[in-house]
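The primary structure of each chain is shown beneath.
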Amino acid sequence: MKHCWETARASGDYHALMQAIPYARTIGMTMEEVDGQLRFTLPFRQSNIGNVLLPALHGGVIGGFLENVAIFTLLASHETRSVPKVVDFSIDYLRSGRPQDLSGRCEIVRQGKRVANVQLMAWQDDPDKPIASARAHFLLA
């Protein structure tokens, strides 16, 4: 993973890194660096729909997307070289995820030598109207 991350950072092309993570590849997650900030997107795919009657994105896809947003953000922090492991993850679903692209961001609240605490947000049209928020702790060692 270390080599993959360093190659992606040097080239600015994170596609290969996303393809190296099976779940990120399965849901179609993308990541890019713009003005020093990581931007995460889950492009709409019919296979990510959980409720076909509404239709709405599957809650597990939203949760998995946010978990990967946190992992990639922690890897990018330069203080983590191995893949962080989830200690706990708590998500609040605030509104239905419509059948369109989903964006996500992660804020590292505190990162120590062994544990990191992060807050996450997922939205579609407007970052001020999130569809989900989460809090998580990760083991870094």
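Let me begin by describing the structure that accompanies this report. (Residues numbered from 1 in each chain as written. Predicted model: local features only at pLDDT ≥ 70, side-chain atom pairs only at ≥ 80, totals over all residues. Heavy atoms only, no water.)

**Focus on the nonpolar core**
Part 1: The biggest cluster of nonpolar side chains holds 35 residues, and the ones touching the most others in it are Met29, Phe65, Leu66 and Phe72.
Part 2: Elements represented by at least two residues in this core include exactly helix H2 (15–20), helix H3 (22–27), strand E2 (37–42), helix H4 (59–76), strand E6 (102–111), strand E7 (115–123) and strand E8 (130–139).
Part 3: Of all the elements, H4 adds the most residues to this core, at 10 residues.
Part 4: Other than its neighbours up to four places away in sequence, Met29 contacts Met18, Ala24, Phe40, Thr41, Leu42, Pro43, Phe65, Asn68, Val69 and Phe72. (Core = buried A, V, L, I, M, F, W, Y, C linked by side-chain atoms within 4.5 Å. Buried < 20%, exposed > 50% of the residue type's maximum accessible area, 1.4 Å probe, protein only. Helix = DSSP H or I, 4+ residues; strand = E, 2+ residues; numbered from the N terminus. Contact = heavy atoms within 4.5 Å.)

**Considerations on unusual backbone geometry**
Part 1: Between Leu54 and Pro55 the backbone carries a cis peptide bond, its omega angle lying at -20°.
Part 2: Assignment of secondary structure puts Pro55 in the loop between strand E3 (49–51) and strand E4 (56–57).

**Quick notes on a nonpolar patch on the surface**
Part 1: On the surface, Val87, Val115 and Leu139 cluster together to form a nonpolar patch covering roughly 230 Å² of accessible area.
Part 2: For Val115, the location among the structural elements is in strand E7. (Patch = residues over 30% accessible without salt bridge, like charges linked within 9 Å, V, L, I, M, F, W, Y side chains within 5 Å. Areas by Shrake-Rupley, 256 points an atom, 1.4 Å probe, with all protein chains shown as cover. Salt bridge = Lys/Arg side-chain N within 4 Å of Asp/Glu carboxyl O.)

**Things to note about the layout of surface pockets**
Part 1: The computed volume of the largest pocket comes to approximately 300 Å³.
Part 2: Taken together, the elements giving at least two residues each to the lining of the largest pocket come down to strand E1 (30–34), E2, H4 and E6.
Part 3: The residue makeup of the lining of the largest pocket, split by class, is 6 nonpolar, 5 polar and 4 charged. (1 Å grid on protein atoms, 1.4 Å probe; cavity = no way out; pocket = protein on both sides within 12 Å on 5 of 7 lines; lining within 4 Å. Points joined across faces, edges and corners; volume = space filled by probe spheres on them. Nonpolar A, V, L, I, M, F, W, Y, C, P; charged D, E, K, R; others polar.)

**Comments concerning the pairing of E2**
Part 1: Relative to E2, E1 runs antiparallel, the two being bridged by 5 bridges. Following the sheet pairing, Thr30 is matched in E2 by Thr41.
Part 2: The turn joining E1 and E2, which pair antiparallel and follow one another in sequence, is formed by 2 residues; a positive phi near 55° is taken by Asp35.
Part 3: With 3 bridges joining them, E2 and E6 adopt antiparallel strand pairing. Paired with Thr41 across the strands is Ser103, a residue of E6. (Pairing = 2+ DSSP bridges.)

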